[in-house]
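Chains, contacts and geometry: an overview
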Amino acid sequence: MAHQRSYLTWFLLINLTFTLVISSHGTSQEDRKVYIVYMGDRPKGDFSAASLHSRMLQEVVGSHASDILLHSYHRSFNGFVAKLTEEEKQKLAGMEGVVSVFPSQKKKLHTTRSWTFMGFPLNVTRSTKESDIIIGMLDTGIWPESESFKDEGFGPPPAKWKGTCQISSNFTCNNKIIGARYYNSERNLPPGEFVSPRDSEGHGSHTASTAAGDVVNDASLLGVGSGTARGGVPSARIAIYKICWSFGCSDADILAAFDDAIADGVDIISLSVGGWPMDYFEDSIAIGAFHSMKNGILTSNSAGNEGPEPGSVSNCSPWSLSVAASTIDRKFVTPVKLGNGALYKGFSINTFTLGNSSYPIIYGGDAPNVTSLYNGTYSRYCSQGSLNKTLVQGKIVLCDSLSFGEGTIAAGGVGSVMEQRFYTDDVFSFPLPLSPVISEDLADIKKYLNSTSEPTATILKTIEENNELAPNVVSFSSRGPNPITADILKPDLTAPGVNILAAWSEATTVTGSQLDDRVVPYNIISGTSMSCPHASGAAAYVKSFHPTWSPAAIKSALMTTAYSMSTTANTDAEFAYGSGHINPVNATDPGLVYDAEEIDYVKFLCGQGYNATQLKLVTGDNSACSAETNGTVWDLNYPSFALSTVPGHSVTRIFHRTVTNVGSSSATYKAIINAPPGLHIQVQPNVLSFTSVGEKQSFVVTVEAELSDFAISGSLTWDDGVHKVKSPILAHVIQNPQ
């Protein structure tokens with residue numbers, strides 16, 4: 001989910017949570033909404049999805065069924081999208097063969113030096129199979145003319161590819177972008193959209209080039225952040241599934257894209273989109289990721305941009321990878337130079353050049369638009385319409401609050417210095433020269449304004465500085481604990497997601513605002529949307545060396561080899577970064593993996609209260625919940641360990657785990673336990689000996705926790721002298737148990 005606070009993004013944040021309402025056949029708009037009817041796995045053999053779904057609707061609505069059936073899922077799983085009243089929805093929910101019926105809501109969209117920063121240089125050892133890897137990007141589409149997506153040196157698509165390219169007058173594929181589709185299940189595109197896989201927002205091009213973009217030298221945002229832009233797997237292929245438009249990303253389209261991507265033959269699915277966490281089988285992303293897992297495809301998800309609020313993490317299903325966002329070793333600052341020579345550093349990306357020429361600077365509170373009945377109490381915030389054009393024209397405006405700058409632009413100002421009262425670990429672009437400074441610096445600048453009759457200043461172009469604290473999880477990155485299943489640790493890990501330079505759409509501007517006229521091929525933005533494709537690229541890199549590994553094995557390799565993070569710089573600890581910071585090189589040789597198959601997740605779901613009828617439909621087989629299959633959350637073969645309790649209580653949990661040897665044929669691993677006061681950890685057996693690759697060994701971990709704080713954590717590391725297979729162990733308090 002991109003974290004660029006542009007005019008467009010602010011508009012979307014207000015609007016994306018609303019469900020589309022459409023009227024049909026005399027039914028009022030308030031009565032008929034778009035719903036997803038999820039029916040589980042695809043039936044075996046040949047079946048006509050359209051006929052089946054039409055018959056079901058006919059039983060409920062009669063002869064108008066064909067008019068309200070919007071889309072049928074049939075390639076990888078079973079279900080459909082329809083416009084229903086609440087009464088019709090309830091009738092369908094009670095029909096045989098239906099797992100769930102839920103509204104299609106809108107989800108949000110949650111150089112490059114970042115790869116080298118994490119020890120993954122361009123010249124790293126690469127598999128000869130990298131060009132056979134296909135990453136499915138579910139996003140806003142792609143700008144195919146970008147240098148990041150040129151196909152020089154690429155052969156034809158891999159033989160396994162079964163997808164297609166929806167060619168139009170303004171879009172074609174190549175041997176890099178081997179497939180592209182777009183979705184509009186609800187048939188509600190506003191005017192001006194590209195009715196093709198072409199990207200009009202920039203977000204999809206950015207994420208695709210981060211995961212698998214080709215090598216582009218001398219890339220920058222108008223001279224800022226100059227360097228080599230590349231993806232994690234530059235030789236991999238890209239398949240585009242455009243699910244997001246200017247109004248957001250509908251659940252109906254997300255599921256349609258999963259349905260196609262699985263059947264098309266992608267290896268990894270990357271999805272930088274999310275909403276509020278929901279029941280696993282009323283969540284389009286969790287449903288799609290489950291069927292991806294079932295078909296051997298790992299889904300990499302952004303963790304969300306709602307941090308640092310506890311419990312804000314989204315995309316929580318245990319069968320997908322949830323990725324937090326962290327900083328890299330560079331940061332951007334925008335200097336403000338006053339007429340007295342004083343220099344202050346603000347937090348933004350400014351590509352405009354005012355030069356060393358000084359401009360008059362005025363305090364917004366001293367320039368109210370009294371004609372429109374504003375006074376200094378309001379104009380000090382520089383909101384649109386509040387400033388006096390005569391007083392502001394040609395000047396830099398000092399403002400008491402951070403905004404997009406539209407008030408200064410409307411009044412004819414040449415730039416703004418604004419107060420940044422919140423977090424300074426992330427920066428944004430604005431459609432004018434703008435530098436947000438901390439409150440203390442704003443106060444000093446005000447003193448200067450009051451000390452002279454003709455105060456002047458200039459705003460310089462952004463400069464790059466070293467970030468010595470990196471990597472640390474950025475403030476906006478969503479935090480655990482997991483709001484759906486408290487004893488599954490989320491996020492799973494963290495990856496670079498701050499100030500990432502990558503490809504951009506030339507159908508939009510740097511900020512996406514109509515106030516901005518800068519059209520660029522590369523842009524710098526931040527978000528867990530940017531960290532997710534880093535993890536997707538890393539997963540593709542591991543897959544290129546181990547094409548037969550399961551999604552769980554790849555996920556385990558990424559988690560257990562992650563770099564350790566500083567708890568001093570990251571006070572939310574594992575709730576911020578999960579297992580740690582991603583380390584792609586080490587993930588190709590993890591030594592041991594915590595593997596899991598569909599049956600393991602079925603056992604987990606049984607333990608979570610799902611019934612046999614639901615699970616038989618979801619899995620497409622005779623899965624049933626019994627004493628044998630009713631597994632606890634603590635027995636899911638997950639690469640991390642979590643346990644929770646209510647305030648004032650201690651807790652003891654027993655975890656059963658199995659690891660598979662993927663390292664040396666003969667190896668002995670010893671358990672190394674890190675347990676701070678209040679946490680007691682026992683491992684039996686504490687030595688695991690392997691005599692062959694693929695051999696499995698099981699062990700039991702008993703954890704006792706006395707919680708005086710919100711959370712306490714330790715770790716278990718299996719060490720054979722070569723590999724260190726590390727898992728976090730986190731005990732925490734549930735503040736609001738249900």
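Residues numbered from 1 in each chain as written. Predicted model: local features only at pLDDT ≥ 70, side-chain atom pairs only at ≥ 80, totals over all residues. Heavy atoms only, no water.

Quick look at the pattern of salt bridges now. In this structure the tally under the stated criterion is 26 salt bridges. Here Arg-32 and Glu-88 are joined by a salt bridge, their closest N and O atoms 2.9 Å apart. Of this pair, Arg-32 sits in the loop between helix H1 (7–15) and strand S1 (33–41) while Glu-88 sits in helix H4 (residues 86–93), and the two are 56 residues apart along the sequence. Exposure remark for Arg-32: the relative accessible area of 6% places this residue in the buried category. By relative accessible area, Glu-88 is classed as buried at 12%. Linking Lys-44 and Asp-41 is a salt bridge whose minimum nitrogen-to-oxygen distance equals 3.7 Å. Classification of Lys-44 by relative accessible area gives exposed; the value is 62%. A single salt-bridge network, built from bridges that share partners, covers Asp-41, Lys-44, Lys-294 and Glu-598. (Salt bridge = Lys/Arg side-chain N within 4 Å of Asp/Glu carboxyl O. Helix = DSSP H or I, 4+ residues; strand = E, 2+ residues; numbered from the N terminus. Buried < 20%, exposed > 50% of the residue type's maximum accessible area, 1.4 Å probe, protein only.)

Those residues carrying the UniProt feature "active site" (unreviewed entry) are Asp-139, His-203 and Ser-529 in this numbering. Across 391 residues in sequence, these annotated residues keep their C-alpha atoms within 9.8 Å of one another, forming a single compact spot. Considering the arrangement of structural elements, one finds Asp-139 in strand S6 (residues 134–139). Of the residues examined, Asp-139 reaches a relative accessible area of 1% and is grouped as buried. If we ignore the near neighbours within four places in the chain, the residues touching Asp-139 are Leu-109, His-203, Gly-204, Thr-207, Tyr-241, Lys-242, Ile-243, Cys-244 and Ser-272. The residue His-203 is located in helix H6 (residues 203–212) in this model. Judged by its relative accessible area of 4%, His-203 falls in the buried class. (UniProt positions renumbered as here; feature names shortened; annotations may be inferred. Contact = heavy atoms within 4.5 Å.)

A separate point is helix H8 (residues 284–294). Here H8 lies mainly inside the structure; 10 of its 11 residues are buried. Listing the buried residues of H8 in full gives Ser-284, Ile-285, Ala-286, Ile-287, Gly-288, Ala-289, Phe-290, His-291, Ser-292 and Met-293. Put simply, Asp-283 is the residue that caps the front of H8, since its side-chain oxygen is 2.9 Å from the backbone nitrogen of Ile-285. Looking one or two residues past H8, Gly-296 carries a phi angle of roughly 80 degrees, positive in sign. (Polar contact = N/O pair within 3.5 Å; in protein donor to acceptor, adjacent residues only side chain to side chain.)

So, on to the side chain of Thr-334. Note that Thr-334 resides in strand S17 (residues 330–338). We classify Thr-334 as buried; its relative accessible area is 0%. Within the structure, Thr-334 has its side chain in polar contact with the side chain of Ser-348 (distance 2.9 Å). Apart from residues no more than four positions distant in its own chain, Thr-334 is found in contact with Tyr-344, Lys-345, Gly-346, Ser-348, Ile-349, Asn-350, Leu-434, Ser-435, Ile-459, Leu-460 and Thr-462.

Let's shift gears to the pairing of strand S5 (residues 106–109). Both S5 and strand S12 (residues 248–250) contribute to a ladder of two bridges, which runs antiparallel. Bridge assignment links Lys-107 to a residue of S12, and that residue is Cys-249. (Pairing = 2+ DSSP bridges.)

Let us now look at the nonpolar core. The biggest cluster of nonpolar side chains holds 144 residues, and the ones touching the most others in it are Trp-319, Leu-558, Phe-699 and Trp-718. Looking at which element gives the most residues to this core, the answer is helix H7 (residues 251–264), with eight residues. Not counting residues within four places of it along the chain, the set of residues in contact with Phe-699 comprises Tyr-594, Phe-641, Phe-655, His-656, Arg-657, Val-659, Val-683, Gln-684, Pro-685, Leu-688, Leu-716 and Trp-718. The next biggest cluster of nonpolar side chains, apart from the first, holds 17 residues, and it includes Ala-65, Leu-69, Leu-84 and Val-101. (Core = buried A, V, L, I, M, F, W, Y, C linked by side-chain atoms within 4.5 Å.)

The residue after Gly-480, namely Pro-481, is reached through a cis peptide bond having omega 10 degrees. As for its placement among the helices and strands, Pro-481 is situated in the loop between strand S24 (463–466) and strand S25 (493–496). Cis geometry is adopted by the peptide bond preceding Pro-685, which originates at Gln-684 and carries an omega value of -10 degrees. Positive phi, normally seen in glycine, also occurs at Leu-222, with a value near 50 degrees. Residue placement: Leu-222 occurs in the loop between strand S8 (216–221) and strand S9 (224–229).

So, about the state of the cysteines. Evaluation of the coordinates by the stated rule reveals four disulfides. The disulfide partner of Cys-382 is Cys-399, and the gap between their sulfur atoms is 2.1 Å. Looking down the S-S bond of the Cys-382 and Cys-399 bridge, the torsion is -95 degrees, so its handedness is left-handed. Placement of Cys-382 in the loop between helix H9 (376–379) and helix H10 (389–392) and of Cys-399 in strand S20 (residues 396–399) is noted, with a sequence separation of 17 residues between them. Judged on exposure class, the residue Cys-382 and its partner Cys-399 are both buried. Take the cysteines of the chain that form disulfides and number them in order along the sequence; they join up as 1-2, 3-4, 5-6, 7-8. Free cysteine: Cys-316, not disulfide-bonded; nearest cysteine sulfur from Cys-532 at 14 Å. Free of any disulfide, Cys-532 has its nearest cysteine sulfur in Cys-244, 12 Å distant. A residue is classified by how much of its surface remains accessible, and Cys-532, at 0% relative accessible area, is buried. (Disulfide = S-S within 2.5 Å.)

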